[in-house]
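# Architecture and fold: a report
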Amino acid sequence: MSLLRSDRQVALQWLHGWALETLSHFRFVADHEVGAEAVALCESLADEREQLVGRLAAAIRETGDLPAEPDPDREALQQMQEQLSSVFAEQGGDAMLAYCGSREEAFLEQARQEAGVLEGTRYASLLSACQASAAQAIKRLQA
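Predicted model only: the values in this text are computed from it and were never measured.

## Looking at the overall build of the protein
Broken down by element type, the protein carries five helices and zero strands. Traced from its N-terminal end to its C-terminal end, the protein shows the element sequence α-α-α-α-α. Among the 143 residues that make up the protein, the fraction classed as buried is 45%. When contacts within the protein are restricted to residue pairs at least 6 apart in sequence, long-range pairs at least 24 apart make up 77% of them. Summing over all exposed atoms, the protein offers an accessible surface of approximately 8000 Å²; the carbon and sulfur share of this is 52%.

## As for the pattern of salt bridges
Evaluation of the coordinates by the stated rule reveals six salt bridges. Between Arg140 and Glu48 there is a salt bridge; the shortest N-O distance is 2.9 Å. Here Glu48 lies in helix 2 (residues 36–62) and Arg140 lies in helix 5 (residues 124–142), a separation of 92 residues in the sequence. By relative accessible area, Arg140 is classed as partly exposed at 27%. A salt bridge links Glu62 to Arg122, with the nearest nitrogen and oxygen atoms 3.3 Å apart. Pair noted here: Glu62 is in helix 2 and Arg122 is in the loop between helix 4 (92–118) and helix 5, with a separation of 60 residues, a long-range link.

## As for helix 5
Over its 19 residues, helix 5 extends 27 Å from the first C-alpha to the last, a length consistent with the 27 Å expected when each residue adds 1.5 Å. All of the buried residues in helix 5 are Leu126, Leu127, Ala129, Cys130, Ser133, Ala134, Ala137, Ile138 and Leu141. Seen from one end, helix 5 has its buried residues packed into an arc of 165 degrees, which puts them on one side. Turned more than 90 degrees away from the buried face of helix 5, the exposed residues are Lys139 and Gln142.

## Some points on the nonpolar core
General note: in soluble globular proteins, nonpolar side chains tend to be found buried as a group. Counting 38 residues, the largest nonpolar core has Leu12, Leu15, Phe26, Leu56 and Phe107 as the members making the most contacts within it. Counting residues per element, the ones that place at least two in this core are helix 1 (7–30), helix 2, helix 4 and helix 5.

## What about the packing of helix 2 against helix 5?
Helix packing for two helices is described by the angle between their axes and how far apart those axes are. Where helix 2 contacts helix 5, the two axes come as close as 11 Å, and the packing angle between them is 165 degrees. It follows from the interaxial angle that helix 2 and helix 5 lie roughly antiparallel. The two elements helix 2 and helix 5 meet at a crossing, and its hand is left-handed. Contacts from Leu41, Ser44, Leu45, Glu48, Arg49, Leu52, Arg55, Leu56 and Ala59 of helix 2 reach helix 5 at Ser125, Leu126, Ala129, Cys130, Ser133, Ala134, Ala137, Arg140 and Leu141. Taken together, the residues that form the contact of helix 2 with helix 5 break down as 11 nonpolar, three polar and four charged.

About the criteria used
- Residues numbered from 1 in each chain as written.
- Predicted model: local features only at pLDDT ≥ 70, side-chain atom pairs only at ≥ 80, totals over all residues.
- Heavy atoms only, no water.
- Helix = DSSP H or I, 4+ residues; strand = E, 2+ residues; numbered from the N terminus.
- Buried < 20%, exposed > 50% of the residue type's maximum accessible area, 1.4 Å probe, protein only.
- Contact = heavy atoms within 4.5 Å.
- Areas by Shrake-Rupley, 256 points an atom, 1.4 Å probe, with all protein chains shown as cover.
- Salt bridge = Lys/Arg side-chain N within 4 Å of Asp/Glu carboxyl O.
- Expected span 1.5 Å × (residues − 1).
- Arc of directions from axis to C-beta.
- Core = buried A, V, L, I, M, F, W, Y, C linked by side-chain atoms within 4.5 Å.
- Axes fitted to C-alpha atoms, helices over the stretch in contact; angles between N-to-C directions.
- Parallel < 35°, antiparallel > 145°, perpendicular 65-115°, else oblique.
- Left-handed = near helix turned anticlockwise from the far one by under 90°.
- Nonpolar A, V, L, I, M, F, W, Y, C, P; charged D, E, K, R; others polar.

Dropping the structure here:
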């Protein structure tokens, strides 16, 4: 493993980090009693995202790098934000799903930013999978 990452490695690390973050949000919502529909939706999205995280981690390893580990302090802070938004919202589940949706939009934007680096490479299909996964999650969360 080199000390300096290539543009592809950096792009894949960014996507992996966002995929892990959104997976964490889905699991957090699914683990809290916010309504059966919201829990089922987030469990389904988490299962799908977990597969994408695995594919991204494998791609990072292919490049000779190792996937970065999530920052536990940052995750704890984000979960606290989710908890507070659910406490102050009239319907906690809706607020938590809306927050997940905003994170999905950020993940989709990150995937669009990495397109310049990953399109036309062997990772183009993985980039497309990230974009499709985020877009589908946004649709499902808004339904």
